[in-house]
Structure formats: C-alpha cells, structure tokens
Amino acid sequence: MVARVIPVNPFDLVLFGATGDLAKRKIWPGLFRRYVAGQFDDSSRILGVSRSELDDDAFRDRLRDIIPTSTTAEKDQLDRFVALVSYIAIDAKGDRGWDALAKTVRPETERAFYLSVAPNFFGPIARRLRDRGIATETSRIVVEKPFGHDLESAKALNAELRDCFEEHQIYRIDHYLGKETVQNLMALRFANSLFEPLWNASHIEHVQITVAESLSVEGRGEYYDNSGAMRDMVQNHLMQLLCLTAMEPPSKFQPNAVRDEKVKVIEALEPVQQSDIARGQYRSGTGHDSYLDHAGNPDSRTESFIAMKVNVANWRWAKTPFYLRTGKCLRARTSEIAVYFRNPPHMIFPGIDTPSGNVLVIRLQPDEGMTLHTTIKDPGPGGMRLTEASLDMTFADSLADSAQPQDAYERLIMDVIRGDQTLFMRGDEVEAAWAWADPIIQGWQERNHKPQAYDSGGSGPDDALLLMHRDGRRWRPIGA
Ligand code: BG6
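Since this is a predicted model, take the numbers as computed values, not measurements.

1. Side note on the overall build of the protein
Stage number 1. Check the secondary structure of the protein and you find 15 helices and 15 strands.
Stage number 2. Here the C-alpha radius of gyration of the protein, 24 Å, is about what a compact globule of 480 residues would show, namely 23 Å.
Stage number 3. Each of the 480 residues in the protein was classed as buried or not, and the buried ones make up 51%.
Stage number 4. Summarising the internal contacts of the protein: among those between residues at least 6 apart in sequence, 76% fall at separations of at least 24.
Stage number 5. For the protein, the exposed surface amounts to about 21900 Å²; the carbon and sulfur share of it is 50%.
Stage number 6. A distance of 2 Å separates the average location of the 58 positive side-chain charges in the protein from that of its 68 negative side-chain charges.

What follows is the structure in structure tokens.
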C-alpha cells in the first residue's frame, strides 16, 4: 500500500490564538508536517493572529523554536514553511489589527479562520470577520472545544456563530474524530460484511469504552476544576466513540449522512441513573500531589474520573449496555473500545473450562490496532482443552509501507481546507450531547456529591468496580 497525499487548493488560513498552547503543541507542527508531506505548497499563506505585539520576523523565529525538525533537509523546509507565515496583532474584541487583516487576505483564495481561543471570543471574532467583509460566503470557521459548558451556553455559542456563518461553514473540532482508529471503526463496520450482521444486541453482550490517562491535571487545574471528566471528556470524546460504535450505517460517507446517524444515537440515550455512575478524584501519590492540590481548591467536588452505564434505547441495542470510563492519573494511557460478544448458545464441550469468549478490542492509543480474542483448542496432546488466542493487528506493523501516521489535528485542518465536514460536530449534535449530559451533572450538583478518592496509578475508585460487579461483569484491565 502506498501513501497518497492529495494536495489541497491554495488557501489563506488565519489562526487566531497563534501563540497559544494548542497552536504550539499541535497546530503549527501539524501544518508543517502537511507542508513537508506535499499536501500544500508555497501558493498558500498562513497568518498568525494574537494579542501580542510581534513583527513577522520575531514570530517566524518563534515558529522555528517550536516546530521540531530532525534532518537538515527538514530545517530547509522549515525555512520555506515559515516564509509562508506572517503575523498580525489583533484586539479580538476591539478595533486594533482588523484593517490590516482585511488587507492581507487575498481575494479569490479559499479562506479558513481557525479560532484556537476561549469560547467568549467566538462571537466577537465572527462578527468582525463578517462586518469587515473578511469572511466570504465560502469561508470556513473552525472552533475548538469546550463548545459550551451546558446546553444553554452551547445554544448561545451556536446562535453567535450562525448569526455570521452558515452551518456548512462551521467546523466544530473534536480531535478524537481525527484519530486514525476512530475512522477505522467506520471502515471496520461499514466496509466489511463480517461484523455488521453481528453488531447488535442479539450478538453483543456489552461494550466497554475506556479513555484512561496517566497524566494528572497539573498545570490546568483551574480550567479542569470548572469542567471535570464529564464535561472535559465524556460529553464530547467518549460520546463520539459511543456514537460511531452504536450508529446505524449511514447511506453514504458524507457529512450530513454520518452526522444524522450520530444524532439519532444521542437522542436514543436513556437518562443515566445516578446509581449507574461512579465518580472519583485522585489522591496524592508517589511524586505528585492530589487532585485537590492541583485544582488549588481543597473543597473541590469535581471528578477526575467517571464511569457509567449507558443504555441506547433502540432496536439494535436494547439490553446491551455501554460502559464508559475515563480518568486522569490512572495506571496507563490507553484508549479502546472493547466489544464483548455473547457466549455460544450451546456448549458442546461439557466439563471443559471455557475462556472468556469473543472480545473485539479496537485500540485508539497507544499502538493503534485491533485484537479479536477467540477460543481455540489448546494445542498438543492431552485431550480436548480450550484456550484463548488473539488475532492481533497493530496498524503500525501491518501498514508499515503506508502513510506516516498523521496527528488528528493535521488531518482535521486539511479537511477544513478541503471543505469536508464529516469529522466535525454539527450544531444539533453538540446540543443533543449537552441535553443528555446536563441532568447527570445537575443530579450530583443537587446532592453536592463527593467523588470517591482513588490511588493514582490504579484503575479508579472502588465504586467503578462495583458498578460492573453488580451487573456480573468486569472491566478490562487498564493497559491490558
Ligand atoms: C482534551 C482534554 O480534549 O483531550 C484533556 O481537554 C485530555 O483533558 C485530552 O487530556 C486527551 O486527548 P488525547 O488525544 O491525548 O487522548
């Protein structure tokens, strides 16, 4: 298999928040890698925008410092890349810099405006882009999470954006949708005939979706303490994984066809019972402080871990629960979807120990890939004994000759330039996810619920284990 890079049309990309953390870590290095890969050339322009007073040269020097290169050839390419970049200092809520921006964007060129800024800037920036004619009818606007704090704030953000842009111009990023394996989940389900006939409650006993992180919230305590795992991870990233696992086949791999099916899943979610939720907060551990220290709030009741049982009330999934679990300071960084198939209806091997059965594990990170746990005869003499064997596929090995793995942001930014919204959240989708999440959050706010403490480096609070034991099931070990 040979990697194919399909060049995009020349564009002007305006990056608001150009000196911010996300821009440094993901967006600038990602753009450079796409340039090196040949996805765009010197006919495109990138304009960094932020509050700081810097001139083009000073900003280009910063880019040289933050964009990693490994060879002399790449250093040369970096020089050519930064020559495409210029910089404007702008007051997002005032007048400074906007005339200069209007003069810099080129007529007749595709324009994309990437708002890597706090949500309270979305409206003011969108209005200035519209009022000054900087955004045209074909321009695109990209916004980052958090997209609201609850349903009401998400609706307000949607209204501000739609006041200036049409829905087909708005790209709401959930970077989980840019991950290779997340898209592979759709390929697995809808480009193979093997799985889809089994992909329902008659054959699937339950599904576990885990996004475990080993890092703490150190350094982002203030933001995190106002969000918690529910708002930071479940309402968006885990919800997307749930949707792609549970949705009906769209008629086409096209933006609205895919997003219609995802919205139907969210709308089919039953309200979650408080007794089906486990919330946790990490204690101090070897070499690091507790969540309460990191949050700078000794009384915080924000969760750094959450596990819950979710039911999708439709024909396909009735009686097949989905268990979601995510948290900080856990044993390992691992994200996966584990699909547990039902046991055979009748066992013809009486008296023989049967291993745990068929589980399809789709790994998002690390080691993107898939493993299908199967039961086979224990090889060799000694009569009929059963054992477990795995069919294992690590994408990095099996696709070694293919494309270099792309970071989620690289792919998503190029999709914006191509005008493909398939991997972006639609406004109604975000609102539906908040409409589901809000009562859950309100439930524990009303009870002033205190999360259960858990040891860092472990698997989360005991309540999460009980949640599963109660249903006669077990979590897959984190990092298994
Ligand atoms: C972000 C969250 O959206 O996703 C972070 O705000 C989290 O808290 C991160 O750490 C996880 O992303 P990834 O790609 O590292 O799994």
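2. Description of the pattern of salt bridges
When charged atoms on two side chains of opposite charge get close, those side chains can pair.
Stage number 1. For the coordinates displayed, the defined rule picks out 37 salt bridges.
Stage number 2. Linking Asp232 and Lys145 is a salt bridge whose minimum nitrogen-to-oxygen distance equals 3.1 Å. Of this pair, Asp232 sits in helix α9 (residues 228-246) while Lys145 sits in the loop between β5 (140-143) and α6 (151-164), and the two are 87 residues apart along the sequence.
Stage number 3. With a relative accessible area of 2%, Asp232 lands in the buried category.
Stage number 4. Connected via shared salt-bridge partners are Arg189, Glu196, Glu248 and Arg316.

3. With respect to the pairing of strand β4 (residues 110-115)
Stage number 1. When you tally the buried positions in β4, you get five out of six residues, the bulk of the element.
Stage number 2. Across six bridges, strand β1 (residues 11-16) lies against β4 in parallel orientation. Each residue of the ladder has a partner; that of Leu15, found in β4, is Tyr114.
Stage number 3. Sheet topology note: the β4/β5 ladder contains four bridges and is parallel. Bridge pairing links Tyr114 to Val142 in β5.

4. Notes on the site of the ligand
Stage number 1. The environment of the ligand is formed by Lys145, His175, Tyr176, Lys179, Glu213, Arg220, Asp232, Met233, His237, Lys328, Arg333 and Gln365.
Stage number 2. His175 places a polar side-chain atom, nitrogen or oxygen, 2.8 Å from an oxygen atom of the ligand.
Stage number 3. At 3.1 Å, a side-chain N or O of Arg333 approaches an oxygen atom of the ligand.
Stage number 4. Computed on the free molecule, the ligand has an accessible area of 400 Å², of which 80% lies beneath the protein chains in the complex.
Stage number 5. No other element matches α9, which puts three residues into the shell around the ligand.
Stage number 6. For the shell around the ligand, the residue count by class is two nonpolar, three polar and seven charged.

5. Description of the sheet that holds β4
Stage number 1. Taken together, six strands build an open sheet; the order of strands is β3-β2-β1-β4-β5-β6 and the sheet is parallel. Only two strands of the sheet have a single neighbouring strand rather than two, namely β3 (85-89) and β6 (170-172). Within this sheet the neighbouring strands show an average axis-to-axis angle of 20°, counted without direction.

6. Some details on the nonpolar core
Side chains of a nonpolar character, in soluble globular proteins, are inclined to be buried together.
Stage number 1. Core analysis: the biggest nonpolar cluster contains 138 residues, and Phe16, Trp28, Phe81, Leu101, Leu129 and Trp436 have the highest contact counts within it.
Stage number 2. Sort the elements by how many residues they give to this core and α9 lands first, with eleven residues.
Stage number 3. In contact with Trp436, other than residues within four places in its own chain, are Met230, Val234, Met239, Leu269, Glu270, Val272, Met308 and Val310.

7. Let's talk about the side chain of Lys262
Stage number 1. Note on placement: Lys262 falls in helix α10 (residues 255-267).
Stage number 2. Residue classification places Lys262 among the buried positions, given a relative accessible area of 1%.
Stage number 3. Non-local contacts of Lys262, meaning those with residues more than four positions away in its chain, are made with Leu177, Gln240, Cys243, Leu244, Met247 and Glu429.

8. What to know about the sheet that holds strand β10 (residues 322-327)
Stage number 1. Strand order in the open sheet formed by nine strands is β14-β13-β12-β11-β7-β10-β9-β8-β15, with mixed pairing between adjacent strands. With partners counted over all chains shown, the strands left at the sheet margins are β14 (386-394) and β15 (452-454), one partner each. Between one strand and the next, the sheet's axes are offset by a mean angle of 20°, whatever the strand orientation.
Stage number 2. In this sheet, strand β13 (residues 369-377) lies alongside strand β12 (residues 359-365) in antiparallel orientation, the contact comprising five bridges. From the neighbouring strand, Val359 faces β13, where its bridge partner is His373.

9. Description of helix α3 (residues 72-82)
Stage number 1. Within α3, the full set of buried residues consists of Gln77, Leu78, Phe81 and Val82. Buried residues of α3 fall within an arc of 130° about the axis and therefore sit on the same side.
Stage number 2. Of the surrounding elements, those touching the buried residues of α3 are α1 (21-36), β2 (45-50), α2 (56-66) and β3.

The rules behind the values
- Residues numbered from 1 in each chain as written.
- Predicted model: local features only at pLDDT ≥ 70, side-chain atom pairs only at ≥ 80, totals over all residues.
- Heavy atoms only, no water.
- Helix = DSSP H or I, 4+ residues; strand = E, 2+ residues; numbered from the N terminus.
- Rg over C-alpha atoms; globule rule 2.2 N^0.38 Å.
- Buried < 20%, exposed > 50% of the residue type's maximum accessible area, 1.4 Å probe, protein only.
- Contact = heavy atoms within 4.5 Å.
- Areas by Shrake-Rupley, 256 points an atom, 1.4 Å probe, with all protein chains shown as cover.
- Lys, Arg positive; Asp, Glu negative; His and termini not counted.
- Charge placed at Lys NZ, Arg CZ, Asp CG, Glu CD.
- Salt bridge = Lys/Arg side-chain N within 4 Å of Asp/Glu carboxyl O.
- Pairing = 2+ DSSP bridges.
- Near = heavy atom within 4 Å.
- Polar contact = N/O pair within 3.5 Å; in protein donor to acceptor, adjacent residues only side chain to side chain.
- Nonpolar A, V, L, I, M, F, W, Y, C, P; charged D, E, K, R; others polar.
- Axes fitted to C-alpha atoms, helices over the stretch in contact; angles between N-to-C directions.
- Core = buried A, V, L, I, M, F, W, Y, C linked by side-chain atoms within 4.5 Å.
- Arc of directions from axis to C-beta.

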